[in-house]
Amino acid sequence: MFLEHLKSNPTINNKTTRSIIAGAIGGLAGGAVKGLIEHFLPVRKAENRSAQLKILDDLSTKITGTPISVQNEELAEQLVNFPVGASVGAAYGYGKKDKDQLNLAEGIIMGTSTWVSTHQTSLPILGLKEKPTDVPIKMQANEFIAHLLFGITTELVRNKVNQRLKK
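Going along each chain's sequence as written, the residues are numbered from 1 onward. Reporting of local features is limited, given that this is a predicted model, to residues whose pLDDT is at least 70; pairs of side-chain atoms are given and counted only at 80 or more, and all residues count toward the totals for whole chains, interfaces and linings. Excluded from the side-chain calculation are hydrogens and water; included are all heavy atoms of the structure.

A. Highlighting the overall build of the chain. Each helix is a run of DSSP H or I of at least 4 residues and each strand a run of E of at least 2, with the numbering of both proceeding from the N terminus. Check the secondary structure of the chain and you find six helices and zero strands. In the chain, the order of α-helices and β-strands from amino to carboxyl end is α-α-α-α-α-α. In terms of overall dimensions, the chain has C-alpha extents of about 50 × 35 × 25 Å along its principal axes. Exposure categories follow from relative accessible area, calculated using a 1.4 Å probe and restricted to protein chains: below 20% of the type maximum is buried, above 50% is exposed, and the middle band is partly exposed. By the burial criterion, 38% of the 167 residues in the chain qualify as buried. Long-range contacts, defined here as pairs at least 24 residues apart, represent 77% of the contacts in the chain between residues at least 6 apart. Accessible surface, the chain as shown: approximately 9,300 Å² in total, 66% of it carbon and sulfur. Charge centroids of the chain, computed over 20 positive and 15 negative side chains, lie 8 Å from each other. Any two residues whose heavy atoms approach within 4.5 Å at even a single point are treated as in contact. Method for areas: the Shrake-Rupley scheme with a 1.4 Å probe, in which residue coverage is limited to the protein chains shown. All tallies of charge rest on Lys and Arg as positive and Asp and Glu as negative; His and the ends of each chain are not included. Lys charges are placed at NZ, Arg charges at CZ, Asp charges at CG and Glu charges at CD.

Written out as structure tokens, the structure is:
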């Protein structure tokens, strides 16, 4: 229904907007797949909190005076993961606005670059995650697999939504 509404609106359904929307929806789907994989494949030691929780805990403490409760931690993580996935997907979709065809290699590249730019560099530099050399290789591999599938899913869904919006 949402896609049908977009298709019928000529001011919304132009190539750029269509590509951004398709990418954002792809990124949401990719984020869901990534979260599901991380639920079954451990990506950090049990005693380590995720970067998302560290950020939200700090924000919650500044706003409310209390950290996030343990029972709300999983929900709090998703409140970060989905907007980030949608944003990364929207930027990816915009970058592909002149490329309508499915290209899984580009999805793999996007997932890999997202992993490198977050878990291997920026998060450790910001002190939100331990250095890659301090993370067991199995957990790094799990995180990498989750990001690869994030990229692949984003590309698959982006392509499908883009094709549907074009019809």
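B. Summary view of the environment of Val116. Within the secondary structure layout, Val116 lies in helix H5 (residues 104-125). Separated by 33 residues in the primary sequence, Val116 and Pro83 have C-alpha atoms spaced 19 Å apart.

C. Representation of a nonpolar patch on the surface in the model. Within this analysis, patches are made of residues with over 30% relative accessible area and no salt bridge. Like charges are joined at 9 Å or less; nonpolar side chains (Val, Leu, Ile, Met, Phe, Trp, Tyr) at 5 Å or less. Salt bridges, as used here, are contacts in which a Lys or Arg side-chain nitrogen is within 4 Å of a carboxyl oxygen on Asp or Glu. Together, Leu36, Phe40, Leu41, Ile145 and Leu149 give the surface a local cluster of nonpolar side chains, amounting to about 440 Å² of exposed area. Where the nonpolar patch is concerned, the elements lending two or more residues are helix H2 (15-40) and helix H6 (137-166). Position of Leu149 among the secondary structure elements: in helix H6. Take Leu149: its relative accessible area is 30%, and that puts it in the partly exposed class.

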